[in-house]
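# Working through the structure, step by step
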Amino acid sequence: MCATRVRTETLGALEPIASLSEARLSELAGLCSLEIVDKGADPFRVRGTAGQTVYLIRGDLALVYSDGSSRVLIGGSDQARHPLGRSGQAFASARAITDIELIRIENDVLDIMATWDQIAVAGPSTKRSSGEDGGKSLANWSLLSGTFSVSSLRYGAFSQLPSAHIDELLRRFQRIEVKKGDVVIREGARGDCYYVIETGRCRVERMIGGVSMLLAELKSGDAFGEEALVSETKRNATVTMKSDGALLQLAKEDFIELLREPLLRRISLEEAREKIANGGQWIDVRYPSEYQYDRLPGAINIPLSEIRNALGVLDKEREYVLYCQSARRSAAATFLLAQRGYRAFLLAEGLWGGPKP
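All values reported here derive from a predicted model rather than from experimental measurement.

Conventions adopted
Residues numbered from 1 in each chain as written. Predicted model: local features only at pLDDT ≥ 70, side-chain atom pairs only at ≥ 80, totals over all residues. Heavy atoms only, no water. Helix = DSSP H or I, 4+ residues; strand = E, 2+ residues; numbered from the N terminus. Buried < 20%, exposed > 50% of the residue type's maximum accessible area, 1.4 Å probe, protein only. Contact = heavy atoms within 4.5 Å. Pairing = 2+ DSSP bridges. Core = buried A, V, L, I, M, F, W, Y, C linked by side-chain atoms within 4.5 Å. Salt bridge = Lys/Arg side-chain N within 4 Å of Asp/Glu carboxyl O. Phe/Tyr/Trp six-rings, centres within 6.5 Å; stacked < 30°, edge-to-face > 60°. Polar contact = N/O pair within 3.5 Å; in protein donor to acceptor, adjacent residues only side chain to side chain. Axes fitted to C-alpha atoms, helices over the stretch in contact; angles between N-to-C directions.

Here we come to the overall build of the chain. The secondary structure content of the chain amounts to nine helices and 20 strands. Within the span of the chain, comprising 357 residues, buried residues form 50% of the whole. The long-range fraction of contacts in the chain, counting pairs at least 24 apart against all pairs at least 6 apart in sequence, stands at 74%.

See below:
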């Protein structure tokens, strides 16, 4: 048994990995391993699958289940494009009928990649503001809109908070002066602050195919930086000052305490079941390939990258329970809905947190 580096072309044929961008695929290739197992061996006798996503990419593998049934999985088949043991009953043992090749990826690594990639897509579009949208910022990136003032903080996401929280937020914001050309946040960096533009303008850019692409321009009253703080991922874009101005900066710890946690309503599996039984709706925010493979009964699929498009379509009187594998992606989606007044709840710990509802 030995391990070698995985090619991006190989990863690109697997689900849900195929949905990742080229940049994420290239990064993921260096974070997983290709394992070669000899004929007759049990590839999981010494090293199991706990905490990992495992794919069979070459050879024939016999899987035996706890009820005594068995089947043969063939590398390269449509079934083999999906992770082992992710659909239906988990297997109890396995044996390589031929020499086989496996790809192993740590669950957390894959989940973080998917979260970062989908948040990046869910960010601002390249469509510029026009008179049709009343001059609002691009792609609803801001939590606020209009000319900035202290009273404007009581609209948008803040309108969902108790008055005491809003007052405390006002106290904890730090005002910083910025100059034209200053980089406020940089793509790939860890999220440490949340920002509201008091005066001035910013441009939002992302590296796509090695080229920096302009995604949006933000103005007074707009806010940015929340996605990385909600989902605990890296920054998905670079924000640079287009003019001199002033920003209101909120530290990550204050954002989590006063903005993220009050809006991010986590519920247990039992509580989620009760809401669904009383007319609530499951929302699966994963990639369509993940949803089709092991969705919860009755769930609808709105990937995190498309959640902004659901604003105005979902019923604000209905309760929604959002989930993904680990609750990273669903946390970001739940926050985006909750800050706009939807009755959105997060399935704590996601599907990895316990048996399926």
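Counting buried positions along helix 9 (residues 328-338) gives 10 out of 11 residues, so the element sits mostly inside the fold. The complete set of buried residues in helix 9 reads Arg329, Ser330, Ala331, Ala332, Ala333, Thr334, Phe335, Leu336, Leu337 and Ala338.

Here we take up the pairing of strand 2 (residues 33-37). Across the five residues of strand 2, four count as buried, placing the element largely inside the fold. Sheet topology note: the strand 2/strand 7 (residues 100-106) ladder contains five bridges and is antiparallel. By the bridge assignment for strand 7, Leu34 is matched with Ile103.

Ranked by size, the top nonpolar core spans 36 residues in total, and within it Tyr194, Phe255, Leu314 and Leu322 carry the most contacts. Looking at this core, the elements with two or more residues in it are strand 10 (193-199), helix 5 (226-231), strand 15 (245-251), helix 6 (252-263), strand 19 (319-323), helix 9 and strand 20 (343-347). No other element matches the seven residues that helix 9 contributes to this core. Excluding residues that lie within four positions of it along the chain, Leu314 makes contacts with Ile283, Ile302, Tyr320, Leu337 and Tyr342.

The subject of this paragraph is the pattern of salt bridges. Under the definition given, this model contains 30 salt bridges. When the shortest N-O distance is used, the salt bridge between Glu168 and Arg171 registers 2.4 Å. Linking Glu168 with Arg171, this pair stays in helix 4 (residues 163-172), spanning three residues, or about one helical turn. A relative accessible area of 57% places Arg171 in the exposed class. Several salt bridges converge on common partners, so that one network encompasses Asp108, Asp111, Glu290, Arg328 and Arg329.

On to the packing of aromatic side chains. Summed over the entire model, instances satisfying the criterion amount to six aromatic pairs. Considering the side-chain rings of Phe173 and Tyr194, the 6.5 Å spacing of their centres and the 35 degrees angle between planes classify their relative orientation as tilted. Remark: Tyr194 occurs in strand 10 and Phe173 occurs in the loop between helix 4 and strand 8 (174-178); sequence separation between them is 21 residues. In this structure, Phe173 and Tyr194 share a single accessibility class: buried.

Once that is clear, we can look at the side chain of Ser289. You can see Ser289 is positioned in helix 8 (residues 288-294). Look at Ser289 and you get buried, because its relative accessible area is 13%. Polar side-chain contacts of Ser289 include one of 2.9 Å to the side chain of Glu15. Ignoring sequence-local partners within four residues, the contact set of Ser289 consists of Glu15, Pro16, Ser19 and His82.

Relative to the elements of secondary structure, Ala272 occurs in helix 7 (residues 269-277). Using a relative accessible area of 0% as the deciding quantity, one classes Ala272 as buried. Separated by 48 residues in sequence, Ala272 and Tyr320 have C-alpha atoms that sit 9.1 Å apart. Ignoring anything within four residues of it in the chain, the contact list for Ala272 reads Ile267, Trp282, Val321 and Leu347.

Take the environment of Lys219 next. Mapped onto the secondary structure, Lys219 falls in the loop between strand 12 (211-218) and strand 13 (223-224). For Lys219, a relative accessible area of 18% puts it in the buried group. Residues Lys219 and Glu198, spaced 21 residues apart in sequence, show a C-alpha to C-alpha distance of 8.4 Å.

Now for the sheet that holds strand 9 (residues 183-185). Taken in spatial order, the four strands line up as 9-14-11-12 in an open sheet, and their pairing is antiparallel. In this open sheet, the two edge strands, each paired with only one partner strand, are strand 9 and strand 12. Neighbour to neighbour, the strand axes of the sheet diverge by 35 degrees on average, direction disregarded.

Every second residue of strand 17 (residues 281-284) is oriented toward a common face, with Gln281 and Ile283 on one face and Trp282 and Asp284 on the other, all of them buried. Across four bridges, strand 17 lies against strand 19 in parallel orientation. For Ile283, the partnering residue across the bridge sits in strand 19 and is Leu322. Looking at chain direction, strand 17 and strand 18 (residues 300-301) are connected through two bridges and run parallel.

All right, on to unusual backbone geometry then. The peptide bond linking Glu15 to Pro16 adopts the cis configuration, its omega dihedral lying at 0 degrees. Within the secondary structure, Pro16 sits in the loop between helix 1 (8-11) and helix 2 (22-29). Positioned with a positive phi, Glu232 is a non-glycine residue whose angle comes to about 60 degrees. For Glu232, a relative accessible area of 37% puts it in the partly exposed group. Of note, Ala327 is a non-glycine position whose phi angle comes to about 85 degrees, a positive value. Tracing the chain through its elements places Ala327 in the loop between strand 19 and helix 9. For Ala327, a relative accessible area of 11% translates into the label buried.

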